[in-house]
Amino acid sequence: MNSESQTDCHRENSRFGESNQAQADAAWMRSALAEAQAAEKRNEVPIGAVIVQNGRIIGQSGNATEASEDPTAHAEILAIRQAVRATKTRWLHDATLYVTLEPCAMCAGAVVLARMLRLVFGALDPKGGACMSLRNIVQDLRLNHRCQVTSGVLAEECGSILTRFFRVRRNQA
């Protein structure tokens with residue numbers, strides 16, 4: 001096989017691998033959306049998170065700030081707590097966090113501290129997002145850990161559940 005053929009073959013394999021990763025990301029994001037829908041039913045801001053390691057969910061949650069009266073009870077934080085209990089380690093080196101909304105500064109910091117491999121999120125958060133929109137904590141070169149970021153996975157679905165939730169809240173007020 002000549003080098004041009006090898007390059008073409010490599011491109012095909014990369015596209016195939018990226019396609020499989022995109023499909024897997026969408027499937028796991030649907031699990032995060034289910035957590036967001038469950039949070040919405042509890043009158044919480046509908047954000048959901050799942051943490052996946054070796055093809056299985058090791059942590060999952062929706063927001064719980066209202067019920068717990070705890071401003072740190074974001075979906076990501078609760079899922080991380082569950083994942084570290086499940087794995088019996090504070091490091092989630094080969095885990096991926098799927099979350100419906102771009103994490104805030106607190107949650108982005110927790111991703112770094114847990115040393116996650118990947119972060120995949122749906123909708124951008126232009127008012128509070130700390131992984132792309134306002135800053136990028138999870139890839140800050142000054143920190144001791146950085147993770148891979150994939151944004152925009154099922155962004156429309158992830159954004160629409162939040163838009164609908166806040167529209168209903170405004171109409172009730």
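See the structure shown above.
Calculation rules
Residues numbered from 1 in each chain as written. Predicted model: local features only at pLDDT ≥ 70, side-chain atom pairs only at ≥ 80, totals over all residues. Heavy atoms only, no water. Pairing = 2+ DSSP bridges. Helix = DSSP H or I, 4+ residues; strand = E, 2+ residues; numbered from the N terminus. Axes fitted to C-alpha atoms, helices over the stretch in contact; angles between N-to-C directions. Contact = heavy atoms within 4.5 Å. 1 Å grid on protein atoms, 1.4 Å probe; cavity = no way out; pocket = protein on both sides within 12 Å on 5 of 7 lines; lining within 4 Å. Points joined across faces, edges and corners; volume = space filled by probe spheres on them. Nonpolar A, V, L, I, M, F, W, Y, C, P; charged D, E, K, R; others polar. Phe/Tyr/Trp six-rings, centres within 6.5 Å; stacked < 30°, edge-to-face > 60°. Buried < 20%, exposed > 50% of the residue type's maximum accessible area, 1.4 Å probe, protein only.

Colleague: Give a description of the sheet that holds strand E3 (residues 95–101) that names residues and reports values.
Modeller: Pairing is mixed in the open sheet, where 5 strands are placed in the order E2-E1-E3-E4-E5. Two strands close off the open sheet at either side, each with one partner strand: strand E2 (56–62) and strand E5 (148–150). Within the sheet, the average angular offset between the axes of one strand and its neighbour, ignoring direction, is 15 degrees. Of the strand pairs in this sheet, strand E1 (residues 48–53) and E3 are connected by 5 bridges, and their pairing is antiparallel. If you follow Val50 over to E3, its bridge partner there is Tyr98. Across the face of the sheet, helix H5 (residues 155–172) comes into contact with E3 and strand E4 (118–123) while running at roughly 60 degrees to E4.

Colleague: Quick one: what's the story with the layout of surface pockets, residue by residue and with numbers?
Modeller: In this structure, the largest pocket encloses a volume near 150 Å³. Contributing to the lining of the largest pocket are Val45, Ile47, Asn63, Thr65, Glu66, His74, Glu76, Leu101, Glu102, Pro103, Cys104 and Asp125. When the residues that make up the lining of the largest pocket are grouped by side-chain class, the tally is 5 nonpolar, 3 polar and 4 charged.

Colleague: How would you explain the packing of aromatic side chains if you had to name every residue and give the values?
Modeller: In total, this model carries 1 aromatic pair according to the counting rule given. Judged by centre distance (5.1 Å) and plane angle (80 degrees), the ring pair of Phe165 and Phe166 falls under edge-to-face. Under the relative-accessibility criterion, Phe166 is labelled partly exposed at 35%.

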